[in-house]
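Structure at a glance
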Amino acid sequence: MNDHRDQVDAAGMTPAAPLAHVLVVDDDPTSAQSLARMMEVEGYSATVASSGQQALELARDHPPDAVVTDLRMPGMSGLELLGKLHERDPGLPVVVVTSCGDVDCAVEAMRLGAEHYLLKPVEPNPLLLTLGKALERRMLRDDLDELRARIREREGTGLRRLVGASDTMKEV
C-alpha cells in the first residue's frame, strides 16, 4: 500500500497514518462526498473524482490503494474505468456501487475484476468490510510476490548452484 507521511496537527500531535488511500468516483457530488466521509471516518484517506477521466488522471498522479466507483456516469462508465485501471494495475481493488440492480452489469463488473458490486444507497458496514478484505488480500498478494522474488533471487546464488551426487557433496 502507499506510504503516507505523518503530519503534525495544531496541538503538536502526530496522527496515525491513514489505513489506505481510496479513490471515490461518482458523478453525483452528494454521493461522492458521502462515500469519502464514510472512508475518512474509518481512517482511510479519500480523494473524490467526478468522472472516469478525472479518476484516471488522479490515479496516474497519486496511485490509490483501492477505488470505489459508481457504475453509470456520463462519458466513461464505471465498467470502462475498471478496465482501464486494471490495465495499469491488475491487482487494484475496485468496488462498484450503483443504483442499477441489473444482473448483467454485476456479472460484467465481476468478470472485469471488481471486488464486489453494491447497490445504492450503500450501507457503511458492507462497503467497509468489502474494502478492508480487498485491501488485506492485496497486501498479502504483494507480500507473497515479494517473498517469491527473494526466493528466486537466492536460488540463483550461492551453494544452490552446486551440483553433485558424491557422498562428500551430500555431506556438504
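One can find the structure itself at the top, above this paragraph.
Read on for an overview of the structure.

Procedures and definitions
- Residues numbered from 1 in each chain as written.
- Predicted model: local features only at pLDDT ≥ 70, side-chain atom pairs only at ≥ 80, totals over all residues.
- Heavy atoms only, no water.
- Salt bridge = Lys/Arg side-chain N within 4 Å of Asp/Glu carboxyl O.
- Helix = DSSP H or I, 4+ residues; strand = E, 2+ residues; numbered from the N terminus.
- Buried < 20%, exposed > 50% of the residue type's maximum accessible area, 1.4 Å probe, protein only.
- Pairing = 2+ DSSP bridges.
- Right-handed = clockwise from strand over helix to strand, strands pointing away.

Remarks on the pattern of salt bridges
One pass over the full model with this rule turns up 8 salt bridges. For the salt bridge of Lys120 with Asp26, the shortest nitrogen-to-oxygen distance reads 2.7 Å. Here Lys120 is found in the loop between β5 (116-119) and α5 (124-155), whereas its partner Asp26 is found in the loop between β1 (21-25) and α1 (29-41), with 94 residues between them in sequence. Since its relative accessible area comes to 25%, Lys120 is described here as partly exposed. By relative accessible area, which is 1% here, Asp26 ends up buried. Where Arg138 meets Asp89, a salt bridge forms, and the shortest distance between an N and an O atom there is 2.9 Å. Of this pair, Arg138 sits in helix α5 while Asp89 sits in the loop between α3 (78-88) and β4 (94-98); the two residues are 49 residues apart in sequence, bridging distant segments of the chain.

A closer look at the pairing of β4
By the criterion of burial, β4 is predominantly enclosed, with 5 of the 5 residues buried. Burial along β4 is two-sided: the residues Val94, Val96 and Thr98 and Val95 and Val97 are all buried. Relative to β4, strand β3 (residues 66-70) runs parallel, the two being bridged by 4 bridges. Across the sheet, residue Thr69 finds its bridge partner in β4, namely Val96. Both β4 and β5 contribute to a ladder of 4 bridges, which runs parallel. Directly across from Thr98, in β5, lies its bridge partner Leu119. Handedness of the crossover joining β4 and β5 through helix α4 (residues 103-111): right-handed.

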